[in-house]
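Working through the structure, step by step
Letter by letter, the chains look like this.
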Amino acid sequence: MSVFDENNTTNSSAPTSFDISAIPAGREGFDWPVDRWFIERILFMFSGSLITFSIFLYIVTGSGFFLLITMTLGVLQGIFALTGFSILVKALLALGIRQK
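In this report, we go over the structure that sits alongside the text. (Residues numbered from 1 in each chain as written. Predicted model: local features only at pLDDT ≥ 70, side-chain atom pairs only at ≥ 80, totals over all residues. Heavy atoms only, no water.)

1. Regarding helix α2 (residues 65-83)
- Helix length check: α2 (19 residues) gives 27 Å between terminal C-alpha atoms against 27 Å at 1.5 Å per residue, within 8%.
- F66, T70, L73 and F80 are the residues of α2 that are buried. Along α2, the residues classed as buried sweep out an arc of 85 degrees about the axis, all on the same side. Of the exposed residues in α2, those oriented more than 90 degrees away from the buried face are F65, M71, V75, L82 and T83.
- Against α1 (39-61) and α3 (87-94) lie the buried residues of α2.
- Immediately beyond the C-terminal end of α2, within one or two residues, lies G84, with a positive phi of roughly 85 degrees. (Helix = DSSP H or I, 4+ residues; strand = E, 2+ residues; numbered from the N terminus. Expected span 1.5 Å × (residues − 1). Buried < 20%, exposed > 50% of the residue type's maximum accessible area, 1.4 Å probe, protein only. Arc of directions from axis to C-beta. Contact = heavy atoms within 4.5 Å.)

2. Details of the packing of α1 against α3
- Look at α1 against α3: their axes get within 10 Å of each other, and the N-to-C directions meet at 125 degrees. With respect to their mutual orientation, α1 and α3 come out oblique. Crossing angle aside, the handedness with which α1 passes α3 is right-handed. Across the interface between the two elements, I39, I42, L43 and F46 of α1 pack against L88, V89, L92 and L93 of α3.
- For the contact of α1 with α3, the residue count by class is eight nonpolar, no polar and no charged. (Axes fitted to C-alpha atoms, helices over the stretch in contact; angles between N-to-C directions. Parallel < 35°, antiparallel > 145°, perpendicular 65-115°, else oblique. Left-handed = near helix turned anticlockwise from the far one by under 90°. Nonpolar A, V, L, I, M, F, W, Y, C, P; charged D, E, K, R; others polar.)

Shown next, in the form of C-alpha cells:
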C-alpha cells in the first residue's frame, strides 16, 4: 500500500485539506489594511528598491561605490529597528505622509 493511495487507513485522523476557518480572525498579520500605505511600508519599499538597484548597478559596473549604498542602507535600517529614528521618516512626515 502506498502513502499516496486514497484508501490508506493507517492514519485516518490526518486532515485531508487545509481549513481556513481554523485561523483566528484577529490574528496579527491577517487584518492589515491594504487600501492605504503606512509610513513603515513606504520606508521598506524605498530601501528595498534602492538596495536592489544598487546591487544591480554593482553587477553591471563592477564599482564598489554601489556596495557602499547597500551597506549604508543596512546600517540605517538597523538604527531604525533599534531606535525608531529615520531621516527618511522625518522627510516623509514633512511631506504629509501620516503614521499608522
